[in-house]
Amino acid sequence: MLNLAEKPKRPLVAASVLASDYGAMAADAGDALSAGADLLHVDIMDGHFVGNLSMGPDTAKCLRRHLPEAYLDVHLMVDRPDLFIEPFAEAGANHVTFHLEVCDPVRSRHLDAGAMIDRIEAAGMTAGMVINPLTAAEGLEPWLDRLALVLVMSVHPGAGGQAFKPEVLAKVEWLAARLRDDQRLQMDGGVSPATASACAAAGCDVMVCGSALFGANDRAAAIAAMHSAGG
């Protein structure tokens, strides 16, 4: 199974199952892995933090049962990620990423990011944090040294198929200069063979790909193009 702390020789490709065929998700995700994807990215949406609903711990549990060797990277786009840490650990998730925005003290109910990281690690998973396109990267600085992965959204979260926002690359560069070799920097949203080179050049080493992978006529070729973006 993938070790997220090992510096990859080329960018990793995370297949976003949000874009898979829900009627045959395990088979579709398995096909993406067979075509060369390195891990599976599981987007969880609550209809509050973002306007869409998607999946839950049972999705991860089923993927784990059908794909026991897959690395499951869970992205919590939810107002209360603290409610889902242990359920996803029990379902077999390897990693959980939560949003900096839910830790904003101006919100009526904000969360302690440090306590969230503690709980994720205590549950046996690695922890990550994510920022939306309009959120400054500097807000992550107090927790950077504790994170296994930092995710930069290159679209507004909540729906697949959006166009990549190149203006977020400056944040990727800022973060890349501050992360250790054992920490990963991930991009999500509009990532494709056409945008992968710009992502890699800015410092991204994990590329979340949904529509451009699951909708590709040749999935292996699409993944190979993103793998080669860093070289």
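As a starting point, this report considers the structure included with it. (Residues numbered from 1 in each chain as written. Predicted model: local features only at pLDDT ≥ 70, side-chain atom pairs only at ≥ 80, totals over all residues. Heavy atoms only, no water.)

## Things to note about unusual backbone geometry
Consideration 1: Positive phi outside glycine occurs at Met 55, with the angle close to 55°.
Consideration 2: Looking at the element boundaries, Met 55 is found in the loop between strand 3 (53-54) and helix 2 (57-66).
Consideration 3: Taking relative accessible area as the criterion, Met 55 reaches 24% and is therefore assigned partly exposed. (Helix = DSSP H or I, 4+ residues; strand = E, 2+ residues; numbered from the N terminus. Buried < 20%, exposed > 50% of the residue type's maximum accessible area, 1.4 Å probe, protein only.)

## Some points on the nonpolar core
Consideration 1: In terms of nonpolar packing, the biggest core is built from 69 residues, with Leu 175, Met 187 and Met 207 touching the most fellow members.
Consideration 2: Setting aside anything within four residues of it in sequence, one finds Leu 175 in contact with Ala 137, Leu 140, Leu 144, Val 150, Val 152 and Leu 185.
Consideration 3: Leu 12, Val 130, Leu 151 and Val 206 belong to the second-largest nonpolar core, a separate cluster that totals 13 residues. (Core = buried A, V, L, I, M, F, W, Y, C linked by side-chain atoms within 4.5 Å. Contact = heavy atoms within 4.5 Å.)

## Thoughts on the pattern of salt bridges
Oppositely charged side chains are able to pair whenever their charged atoms sit close together.
Consideration 1: A full pass over the atoms with the stated rule returns ten salt bridges.
Consideration 2: Notably, a salt bridge pairs Asp 82 with Arg 80, separated by 2.7 Å at the nearest N-O pair.
Consideration 3: Given a relative accessible area of 12%, Asp 82 falls into the buried group.
Consideration 4: In this structure, a network of salt bridges that share partners links the residues Lys 7, Arg 184 and Asp 205. (Salt bridge = Lys/Arg side-chain N within 4 Å of Asp/Glu carboxyl O.)

## Comments concerning the pairing of strand 9 (residues 206-209)
Consideration 1: With burial as the criterion, each face of strand 9 is covered, one bearing Val 206 and Val 208 and the other bearing Met 207 and Cys 209.
Consideration 2: Where strand 1 (residues 12-16) meets strand 9, four bridges bridge the pair, whose relative direction is parallel. In the sheet register, Val 13 faces strand 9, and the bridge partner there is Met 207.
Consideration 3: Following the chain from strand 8 (residues 184-188) across helix 6 (residues 196-202) to the adjacent parallel strand 9, one finds a crossover that is right-handed. (Pairing = 2+ DSSP bridges. Right-handed = clockwise from strand over helix to strand, strands pointing away.)

## Digging into the environment of Pro 11
Consideration 1: Secondary-structure assignment places Pro 11 in the segment before strand 1.
Consideration 2: In this structure the C-alpha to C-alpha distance between Pro 11 and Ser 228, which are 217 residues apart in sequence, comes to 7.6 Å.
Consideration 3: Residues within four places of Pro 11 in sequence aside, it is in contact with Asp 38, Ala 200, Asp 205, Met 207, Met 226, His 227 and Gly 230.

## A word on the environment of His 75
Consideration 1: With respect to the helices and strands, the residue His 75 is situated in strand 4 (residues 72-77).
Consideration 2: His 75 gets classed as buried once you look at its relative accessible area, which sits at 0%.
Consideration 3: For His 75 and Val 130, which are 55 residues apart along the polypeptide, the C-alpha to C-alpha distance reads 8.5 Å.
Consideration 4: The residues touching His 75, leaving out its near neighbours within four places in the chain, are His 41, Val 42, Asp 43, Ile 44, Thr 97, His 99, Val 130, Leu 151, Met 153 and Asp 188.
Consideration 5: A distance of 3.0 Å separates the side chain of His 75 from the side chain of Asp 43, its partner in a polar contact. (Polar contact = N/O pair within 3.5 Å; in protein donor to acceptor, adjacent residues only side chain to side chain.)

## Some thoughts on the environment of Ala 89
Consideration 1: Here Ala 89 lies in helix 3 (residues 85-91).
Consideration 2: Judged by its relative accessible area of 22%, Ala 89 is partly exposed.
Consideration 3: Each C-alpha atom of the pair Ala 89 and Val 17 lies 18 Å from the other, and the pair is 72 residues apart in sequence.
Consideration 4: Setting aside residues up to four positions removed in sequence, Ala 89 forms contacts with Ala 123 and Met 125.

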